[in-house]
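Each chain is listed here by its residues.
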Amino acid sequence: MTRREFRDLVPPATARDALADLAITAGTDTVPLAEANGRTLAAHVDAPLDVPGFDRSAMDGYAVRAADTFGASEGDPTTLRVVGTVRAGTEPDASVGEGDAVQVATGAVLPSGADAVVPVERTVEREDTVDVMTGVAPGDSVMPRGADIAAGDAALGPGTTLGPRHLGLLAALGHERVPVRSQPDVAVVSTGEELVQPGEEPDPAAGQIYDVNSHTIAAAVDATGARATRYTPATDDEETLRETLADAAADASLIVTSGSTSAGAADLLYRLVEEHGEILVHGVAIKPGRPLLVGRIFDTPYVGLPGYPVSALSVFRTFVAPRLRAVSGRPQPETATADATLATRVRYDGGRRRLVAVGLVADGDGDLVAYAPAKGSGATTTLAETDGIVQMAAETSLLAAGETVTVERFDDAPIPALLGVGDPDPVFARLLDDFATSRFLSLSATDASRWVDDDVPDVTVTPTDDLTGTRAEPLARWNREWGLVVPAGNPDDITALSDLVDGDYRFANLDDSLAVRTALAEHLETLALDSAEDTAAAIDGFHRELPGIESAARSVAAGRADAGLGLRVTATQLGLEFVPVGTQTLGVVPNPTRLDKSSVERLRDHLADRLPSLLTETPGYAPAE
């Protein structure tokens, strides 16, 4: 298999210039007022009429001649004849002469002859008269014709992003339809033989995965004010890919693909763009995102994004989104960036600009802290575990802990109110369901402790044996039962861990970052062989580690293992049998610097209220002694 090298990696500024040169156009639509919210006004709007179109009472009261109220007071009121009533939306049937008053409602037309309104609370009504207990001046409590906006005045300018207050003004001016910028049509195509759509069943043996990028990129396109159309993910068959891109070019102002943009023999896009268009950029000096492809295909502007989900979204956010916002007339949102303190140092010596995905959390003083999860751009969960990117210049090899960084937000979603790290636990996960903006990252006890030292999380979930005197007291503690998960009916009659040593069984183990695996390692010391290492070596599959707390049990359910390490609650939920081995005590431990943070206080109260019933409801759980 031959490999073609990237063209010279261009600086990020060159890639932006290439995108600016693409003729991505948007015209003008005239849409009903009800459909204009969030759209960008395409033309200047002047007021065609006065608003209000008449002298209007600003409150409930009596329309009067101000001169008739001169000197009126509570001790010496002025009595006026009531000669009529005017409600909002009706034409006055009386006028105000000397010594007269007309009762008016808020918003009513001011009767002729009147030049002021006395508030109703400053009057005393009689049978045919009214006592006025205060003097008023001409214009008091009256909104003159055109006071809101006068005919011919400028109302809204082009480029205004229409929101509720703008739509209210347009409605007041009588506009039934308004001219707005058209939404550029963007075709979004994911490439790859391995992709299947949510709802379909992937074949892991064939390396199939769900299509992530077409969904994330389409949503990101829509957020810019453009309009995304997802095309059925194209395979890596050259002719099929060519036909898909030709169809997309016929309808779109821009084609955005993901994957297949590198220079390998199996990466077709750069060859198709060369054959049917023009390459402006193939490779940009940035990480992640080096294989950015910019050009034209079938006479349509084209951008090829990397295949890894975080890379694709980061590169789109950095290069493509600003261009689409400019075309759509949609300004950058005010929440697009946030300043934060970097919790831990970030090193990089690659010689390219780096886009560092980070998460955000508020510290005890309400200031933002940025942290970088361990997973890379190829991990889909990084999309949900981070909130934006920090740009690290090519010449910068270190961002120091404590440094202030600018985070370019992926979106305007709320920053998680509560950040927990540590050992994944089903009961704690259910407790977090009651926190609308929370995030939990699975970390080993060692890593979780280091994160607390760096003042990142609000709380940790950890075996209480790992606590030291420097940590705060747990907010709550509980026991959970762990052991072996076996098929329904326990067909191999496995009754203890020692059976796996003596018998020919396939065992599914868990990653050593999980607390249950730590408990297993400790238990191995009690078995009969010479050492824990010998015992582990005698168990088929012991050293093949699975990452999630339910992973081993699901391997048993799928028939890939005869026994797996797990929790009783998992076995029950999957309809499997459970062989108990031990009990482990977990605790929720607050970060000592976050004890007064409101979300931590809420969690403390919620644990007191909800945890006892959850422990009762959940198989294999009990309060700690």
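Predicted model, so just to flag it, every value in this text is computed and none were measured.

Scoring rules and cut-offs
Residues numbered from 1 in each chain as written. Predicted model: local features only at pLDDT ≥ 70, side-chain atom pairs only at ≥ 80, totals over all residues. Heavy atoms only, no water. Buried < 20%, exposed > 50% of the residue type's maximum accessible area, 1.4 Å probe, protein only. Helix = DSSP H or I, 4+ residues; strand = E, 2+ residues; numbered from the N terminus. Arc of directions from axis to C-beta. Pairing = 2+ DSSP bridges. Axes fitted to C-alpha atoms, helices over the stretch in contact; angles between N-to-C directions. Patch = residues over 30% accessible without salt bridge, like charges linked within 9 Å, V, L, I, M, F, W, Y side chains within 5 Å. Areas by Shrake-Rupley, 256 points an atom, 1.4 Å probe, with all protein chains shown as cover. Salt bridge = Lys/Arg side-chain N within 4 Å of Asp/Glu carboxyl O. Lys, Arg positive; Asp, Glu negative; His and termini not counted. Charge placed at Lys NZ, Arg CZ, Asp CG, Glu CD. pLDDT = per-residue confidence, 0-100. Contact = heavy atoms within 4.5 Å. Parallel < 35°, antiparallel > 145°, perpendicular 65-115°, else oblique. Left-handed = near helix turned anticlockwise from the far one by under 90°. Nonpolar A, V, L, I, M, F, W, Y, C, P; charged D, E, K, R; others polar. Core = buried A, V, L, I, M, F, W, Y, C linked by side-chain atoms within 4.5 Å.

Asks: How would you summarise helix H5 (residues 269-276) if you had to cite specific residues and measurements?
Replies: Burial in H5 covers these residues: Leu269, Tyr270, Leu272 and Val273. Seen along its axis, H5 keeps its buried residues to an arc of 160 degrees; they face one direction.

Asks: Any chance you could break down the sheet that holds strand S17 (residues 254-258) for me, citing the residues and the numbers?
Replies: Two modes of strand pairing occur in sheets, parallel and antiparallel, and in both the strands are linked by backbone hydrogen bonds. Read from one edge of the open sheet, six strands run S16-S13-S17-S21-S20-S18, paired in mixed fashion. Two strands lie at the open edges of the sheet, namely strand S16 (227-230) and strand S18 (277-282), each paired on one side alone. Each adjacent strand pair in this sheet contributes to an overall mean axis angle of 20 degrees, direction not counted. Taken together, the five bridges between S18 and strand S20 (residues 293-297) define a ladder with antiparallel strand orientation.

Asks: Outline a negative patch on the surface, listing residues and values.
Replies: Residues Glu193, Asp237, Glu243, Asp247 and Asp251 make up a contiguous surface patch of negative charge. Using a relative accessible area of 36% as the deciding quantity, one classes Asp237 as partly exposed.

Asks: How would you sum up the confidence of the model for the chain? Please name residues and give values.
Replies: Residue-level pLDDT values for the chain average 88, and 94% of them are 70 or greater. The secondary-structure element of the chain with the lowest mean pLDDT is helix H7 (residues 381-385), recorded at 73, while strand S4 (residues 61-64) shows the highest, at 97. Every residue in residues 1-5 is under pLDDT 50, and counting partners more than four places away or in other chains gives eight contacts.

Asks: Which residues make up the pattern of salt bridges, and what are the values?
Replies: For the coordinates displayed, the defined rule picks out 27 salt bridges. Residues Asp423 and Arg480 are paired through a salt bridge, measuring 2.6 Å at the closest nitrogen-oxygen approach. Highlighted residues: Asp423 in the loop between strand S29 (418-422) and helix H8 (426-432) and Arg480 in strand S32 (residues 476-486), separated in sequence by 57 residues. An identical accessibility class is assigned to Asp423 and Arg480; each is buried. Here Arg544 and Asp540 are joined by a salt bridge, their closest N and O atoms 3.8 Å apart.

Asks: Please give an account of the sheet that holds strand S8 (residues 123-125) that cites residues and values.
Replies: Taken together, six strands build an open sheet; the order of strands is S7-S4-S6-S5-S9-S8 and the sheet is mixed. Each end of this open sheet is capped by a strand with a single partner; those strands are strand S7 (116-119) and S8. Each strand axis lies, on average, 40 degrees off the axis of its neighbour in the sheet, ignoring direction. Strand direction decides the pairing type here: strand S5 (residues 78-86) and strand S6 (residues 100-104), joined by five bridges, are parallel. Across the sheet, Val86 pairs through a bridge with Val104, a residue of S6.

Asks: So what's going on with the packing of helix H1 (residues 12-21) against helix H6 (residues 309-328)? Which residues, and what values?
Replies: At a closest axis distance of 10 Å, the pairing of H1 and H6 adopts a crossing angle of 30 degrees. Between H1 and H6, the crossing angle belongs to the class labelled roughly parallel. Judged by the sense of rotation from one axis to the other, the crossing of H1 with H6 is right-handed. Contacts from Pro12, Ala15, Arg16, Leu19 and Ala20 in H1 reach Thr318, Phe319, Val320 and Arg323 in H6. Split into classes, the residues belonging to the contact of H1 with H6 amount to six nonpolar, one polar and two charged.

Asks: I'd love a proper account of the packing of helix H3 (residues 213-223) against H6, names of residues and values included.
Replies: If you want to describe how two helices pack, look at the angle between their axes and the distance between the axes. Where H3 meets H6, the closest approach of the two axes is 10 Å, and the angle between their N-to-C directions is 25 degrees. As the angle between them shows, H3 and H6 are arranged roughly parallel. The chirality of how H3 crosses H6 is right-handed. In this structure, H3 uses Asn213, Thr216, Ile217, Ala220, Val221 and Ala223 to contact H6, whose residues at the interface are Pro309, Ala312, Leu313, Phe316, Leu324 and Arg325. Per-class residue counts for the contact of H3 with H6 are nine nonpolar, two polar and one charged.

Asks: Report on the nonpolar core, specifying residues and quantitative values.
Replies: Phe428, Trp478, Leu500, Phe507, Val588 and Leu603 are the most contacted members of the largest nonpolar core, which has 54 residues in total. Contact partners of Phe428, with chain neighbours within four places excluded, come to Phe440, Val459, Val461, Trp478, Val588 and Leu603. In terms of nonpolar packing, the next biggest core, distinct from the first, is built from 37 residues, Leu22, Val221, Ile286 and Leu355 among them.

Asks: For the side chain of Thr460, give the residues involved together with the corresponding values.
Replies: Within the secondary structure layout, Thr460 lies in strand S31 (residues 459-463). When its relative accessible area of 8% is taken as the criterion, Thr460 is described as buried. If we skip the residues at most four places from it in the chain, Thr460 touches Val421, Ala448, Val452, Gly587, Val588 and Val589.

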